[in-house]
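Commentary on secondary and tertiary structure
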Amino acid sequence: RGKRIRTIYFLVARSGGDLRIELTVNERKVMLDVPPSETLLTSLRERLHLTGAKEACVEGECGACTVLLNGRPVDSCIYPTAASSETQITTVEGLRGPDGKLSPLQQAFVDHFAVQCGFCTPGLLMTLSALLANNPDPNRAEIQQAIVGNLCRCTGYVQVVEAVEAVVREAQR
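Cut-offs applied
Residues numbered from 1 in each chain as written. Predicted model: local features only at pLDDT ≥ 70, side-chain atom pairs only at ≥ 80, totals over all residues. Heavy atoms only, no water. Salt bridge = Lys/Arg side-chain N within 4 Å of Asp/Glu carboxyl O. Helix = DSSP H or I, 4+ residues; strand = E, 2+ residues; numbered from the N terminus. Buried < 20%, exposed > 50% of the residue type's maximum accessible area, 1.4 Å probe, protein only. Pairing = 2+ DSSP bridges. Contact = heavy atoms within 4.5 Å. pLDDT = per-residue confidence, 0-100. Axes fitted to C-alpha atoms, helices over the stretch in contact; angles between N-to-C directions.

1. Some details on the pattern of salt bridges
- In the structure shown here, the tally under the stated rule is five salt bridges.
- Of the charged contacts, one joins Asp 33 and Arg 20 as a salt bridge, the two residues approaching to 3.0 Å between their closest N and O atoms. Of this pair, Asp 33 sits in strand β2 (residues 28-34) while Arg 20 sits in strand β1 (residues 19-25); the two residues are 13 residues apart in sequence, bridging distant segments of the chain.
- Residues Lys 29 and Glu 22 are paired through a salt bridge, measuring 3.7 Å at the closest nitrogen-oxygen approach.

Following this line, the structure appears as structure tokens:
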């Protein structure tokens, strides 16, 4: 029966129907049936009810929709879900620990008032999580360079940079 279902989905995909996509989101395997044109942002928000990534520019310019794809930041508003088959996706919801505790970066955002209206916050957190995973000791210029693709109208970025610097200092203790 499984072989027949796979064959049917293959034929549906070839004829312009939905595609069956398997991916891991926040360490949980999921199967989705999506139209070939559906974006990852739409799949996350509407199919998986993970609403942390925000829809804003829908052009890949503001960074509000940033998620990690295999540890790399991507603008999910322009990334096709079909291209994410068999990948690891991390959303802002996946940053919390298993006990529900905020990650050190999330807590630093709170402690350093890097959260204002909150619309850009998920994208900034994802971008900076990737930075810290790849460079646990970034300097101020590297932090600023990492967030050039994340637009924020409220914080002026100072508190955001200070929050990252606090996480780095704490990790060095």
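2. Some remarks on the pairing of strand β3 (residues 66-69)
- Side chains Thr 66 and Leu 68 of β3 all project onto a buried face; the interleaved residues Val 67 and Leu 69 project onto the opposite face, where all are buried too.
- With four bridges connecting them, β3 and strand β4 (residues 72-75) associate as antiparallel partners. By the bridge assignment for β4, Thr 66 is matched with Asp 75.
- Following β3, the chain reverses through two residues before pairing antiparallel with β4; Asn 70 in that reversal takes a positive phi of roughly 50 degrees.
- Bridge analysis of β3 against strand β5 (residues 88-90) gives two bridges, and the strand direction is antiparallel. In the sheet register, Leu 68 faces β5, and the bridge partner there is Thr 90.

3. A short note on the side chain of Ser 129
- When you line up the elements, Ser 129 lands in helix α4 (residues 121-134).
- You can call Ser 129 buried: its relative accessible area is 16%.
- In contact with Ser 129, not counting residues within four places along its chain, are Leu 95 and Leu 105.

4. Structural notes on the confidence of the model for the protein chain
- In the predicted model, the protein chain carries a mean pLDDT of 91, and the fraction of residues at 70 or more is 91%.
- Long-range and interchain partners of residues 1-12, a stretch whose pLDDT sits below 50, account for five contacts in this model, where long-range means more than four residues apart.

5. Some details on the sheet that holds β3
- Spatial ordering of the open sheet is given by β2-β1-β5-β3-β4, a layout of five strands whose pairing is mixed. Unpaired on one side and paired on the other, β2 and β4 mark the two borders of the sheet. Geometrically, the sheet is characterised by an average inter-axis angle of 40 degrees between neighbouring strands, direction not taken into account.
- The sheet contact formed by β1 and β5 spans two bridges and is parallel. Residue Thr 24 lies in a different strand from β5, and its bridge partner there is Gln 88.
- Sitting on the sheet, helix α2 (residues 40-47) is in contact with β1, β2, β3 and β5, with an inclination near 105 degrees to β2.
- Across the sheet, α4 touches β3, β4 and β5, and the angle it forms with β3 is around 30 degrees.

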